[in-house]
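# Observations on chain architecture
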Amino acid sequence: MTAEDQIKETVSKDDVVLFMKGTKSMPQCGFSSRVAGVLNFMGVEYTDVNVLADEGIRQGIKDYSDWPTIPQLYVKGEFVGGCDIITEMTLSGELDQLFEKEGVTYDKAAAEKIREANV
């Protein structure tokens, strides 16, 4: 199975997928840590894919999304963005809207706390 096939299968099978450096419990870069921290704090169930464990996936996800950086968040098979985009969407409430539209369960009060802490 090619890296592209593995990526397609993962983003199709799981509702929320974060391609990151490290794991959700042990991120290995600040940007991955920020996005995983947001998802963890909001109680989102998601699959983490450690790109450091597989060079094919590490380069493959960049080619797949045509996005040069990691982390990358996918919701219902669609690329949402990297760290800066996810941060902006969290602070504006757009991430909440996306999760609601796609039927992804999350803790709305936790999302509000993130916004309150960043005013």
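These numbers were taken from a predicted model, which means no experiment stands behind them.

Our focus in this paragraph is the environment of S33. By the element assignment, S33 lies in helix α2 (residues 30-41). Measuring from C-alpha to C-alpha, the distance between S33 and V104 comes to 21 Å, with 71 residues separating the pair along the chain.

It is worth spelling out the pattern of salt bridges at this point. Scanning the entire structure with this criterion turns up eight salt bridges. Across the pair K101 and E102 runs a salt bridge, and its minimum N-O distance is 3.5 Å. Notably, a salt bridge pairs R115 with E112, separated by 3.1 Å at the nearest N-O pair. Of this pair, R115 and E112 both sit in helix α6 (residues 108-117), separated by three residues, roughly a single helical turn. Residue class for R115 comes out buried when judged on its relative accessible area of 13%. A cluster of three or more residues bridged by salt bridges with shared partners is formed by D96, E100, K108, E112 and R115.

Attention now moves to the packing of aromatic side chains. By the definition in use, this model includes five aromatic pairs. Between F19 and Y74, the ring centres sit 5.7 Å apart and the planes meet at 75°, which makes this aromatic pair edge-to-face. Here Y74 lies in strand β5 (residues 72-75) and F19 lies in strand β1 (residues 16-20), a separation of 55 residues in the sequence. For Y74, a relative accessible area of 2% translates into the label buried. Taken together, a centroid distance of 6.1 Å and an interplanar angle of 50° make the contact between Y64 and Y74 tilted. Placement of Y64 in helix α3 (residues 55-65) and of Y74 in strand β5 is noted, with a sequence separation of 10 residues between them. By way of ring pairs, the aromatic residues F19, Y64, W67, Y74 and F79 are connected into one cluster. The cationic tip of K24 hangs over the ring face of Y46; the distance from NZ or CZ to the ring centre is 4.4 Å.

Rules used in this analysis
Residues numbered from 1 in each chain as written. Predicted model: local features only at pLDDT ≥ 70, side-chain atom pairs only at ≥ 80, totals over all residues. Heavy atoms only, no water. Helix = DSSP H or I, 4+ residues; strand = E, 2+ residues; numbered from the N terminus. Salt bridge = Lys/Arg side-chain N within 4 Å of Asp/Glu carboxyl O. Buried < 20%, exposed > 50% of the residue type's maximum accessible area, 1.4 Å probe, protein only. Phe/Tyr/Trp six-rings, centres within 6.5 Å; stacked < 30°, edge-to-face > 60°. Lys NZ or Arg CZ within 6 Å of the ring centre and 35° of its normal.

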